[in-house]
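Descriptive structure summary
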Amino acid sequence: MSELHKFIFDGLPVRGMLVRLTDSWQEILKRREAAGGYPVEVMHLLGEMTAAGALMQGNIKFNGALVLQIFGDGPVKLAVAEVQPDLGLRATATVTGSVDQGSSLSQLVNVNNEGRCAITLDPKDKFPGQQPYQGVVPLFGDQREKLENLSEVLEHYMLQSEQLDTKLILAADGNIAAGLLIQRLPVKGEGNLEGQTDRDANEDQIGVNEDYRRIALLAGTLKREELLTLDVDTILHRLFWQEPITRFEPLTPHFACSCSRERVRNMLRSLGTDEIEGIIAERGNVEVGCEFCGAQYVFDPVDAAQVFTHQGHQPPSTVQ
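Residues numbered from 1 in each chain as written. Predicted model: local features only at pLDDT ≥ 70, side-chain atom pairs only at ≥ 80, totals over all residues. Heavy atoms only, no water.

For the protein, the count of helices and strands is eleven helices and 13 strands. Within the protein, buried positions represent 49% of all 320 residues. Taking all contacts inside the protein whose residues are at least 6 apart in sequence as the whole, residues at least 24 apart take part in 64%. When the accessible area of the protein is evaluated, it comes to approximately 15,500 Å², of which 47% is carbon and sulfur surface. (Helix = DSSP H or I, 4+ residues; strand = E, 2+ residues; numbered from the N terminus. Buried < 20%, exposed > 50% of the residue type's maximum accessible area, 1.4 Å probe, protein only. Contact = heavy atoms within 4.5 Å. Areas by Shrake-Rupley, 256 points an atom, 1.4 Å probe, with all protein chains shown as cover.)

Below, the discussion takes up the environment of K223. Counting through the fold element by element, K223 comes out in the loop between helix 6 (210–219) and helix 7 (224–229). Note: C-alpha distance between K223 and I169 (54 residues apart in sequence) is 8.6 Å.

In this section: the pairing of strand 4 (residues 76–83). The two faces of a sheet get side chains in turn, since along a regular strand they alternate between them. Most of strand 4 sits out of view: six of its eight residues are buried. Bridge analysis of strand 3 (residues 64–71) against strand 4 gives six bridges, and the strand direction is antiparallel. By the bridge assignment for strand 4, F71 is matched with L78. As judged from the seven bridges shared by strand 4 and strand 5 (residues 88–95), these two strands associate in the antiparallel manner. Residue pairing for strand 5: L78 is matched across the bridge by T94. (Pairing = 2+ DSSP bridges.)

Turning to the sheet that holds strand 11 (residues 254–255), a few remarks are in order. Read across the sheet, six strands follow the order 7-6-3-4-5-11 without closing on themselves; strand pairing throughout is mixed. This sheet does not close on itself; its edge strands, each paired only once, are strand 7 (133–138) and strand 11. Against the sheet, helix 2 (residues 40–58) contacts strand 3, strand 4, strand 5 and strand 6 (116–123), and its axis sits at roughly 150° relative to strand 3. The strands touched by helix 4 (residues 150–162) are strand 3, strand 6 and strand 7; relative to strand 7, the strand with the most contacts, the crossing angle is about 125°. (Axes fitted to C-alpha atoms, helices over the stretch in contact; angles between N-to-C directions.)

Turning our attention to the packing of aromatic side chains. In this structure the tally under the stated criterion is three aromatic pairs. Residues F7 and F9 carry aromatic rings whose centres are separated by 5.8 Å and whose planes lie at 75° to one another, so their mutual orientation is edge-to-face. Overall, the relative accessible area of 1% leaves F9 in the buried class. The ring of F292 is capped by R90, whose NZ or CZ atom sits 3.8 Å from the centre of that ring. The lysine or arginine in question, R144, covers the ring of F140, its NZ or CZ lying 4.3 Å from the ring centre. (Phe/Tyr/Trp six-rings, centres within 6.5 Å; stacked < 30°, edge-to-face > 60°. Lys NZ or Arg CZ within 6 Å of the ring centre and 35° of its normal.)

As a further point, take the nonpolar core. In this structure, W25, L46, M49, I70, C117 and L154 are the most contacted members of the largest nonpolar core, which totals 58 residues. For this core, the element with the highest residue contribution is helix 2, accounting for ten residues. Leave out the neighbours within four places in its chain, and W25 touches M43, L46, G47, T50, D173, G174, N175, I176 and A177. Residues F7, A171, A178 and I215 belong to the second largest nonpolar core, which totals 24 residues. (Core = buried A, V, L, I, M, F, W, Y, C linked by side-chain atoms within 4.5 Å.)

Laid out in structure tokens, this is it:
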């Protein structure tokens, strides 16, 4: 069973989380099997994104979806991991070119250093006119050097958005997606991705808190194989056996897709009658597949007409 564990270092301004996605990650991959699955390199990237999304959602108090996206100019045009407040998660990637064996992050999405990472917070209960909060960072460092690890990209993002030091270890294979997050606690405020922290106070502590630096160094010794194969108790004991830790009840991430026939209806409605008429004339019906879970939604001419008549629109003309 997938688990997310939160913990704090007693008396120190440092918190941590460790996530192990097993059944939920395997379900994501299973849903993709009918389409041929993912190349190994893409699977690793998407698994790391899913684990990172779970960690970041678990690290904030936000009633809405956290969406982590990476897009660029390589064979992977877009990779998306979405995590709901209850840790329901889903993920998908769009691959349009051949992926060479052993491709790095930059070779997958950042060939010409134009790749980007976006994190969106989409509230469930929006106020009138409220837009989702989104932050975007490039896939390169301060000297425009290409970053080859998703963890480095997200550490940079967290430093910019929260002014907080963060250490992130990520790994994934065909069975498990896992991650360890260590973060310096904010000086004031709860701290979240919307920038509602005391930025000046937090910035003053960047890189100078000795407790955080020591614990981050210990976390950095965790190897990929250990993260993928060892249980939570063993990992925490090996890394922090000399540190007093308080652990909280584990949470349970799970696969969940938010697609529905009604959402597809709304999407078709946004296309307009002319577009739907053209599709029906060409194919006889409108078929939409969910990229996340593989569900197929089919609308025949009568179904398509109802999409518009329910909104006071004229239905598409009858196709003979």
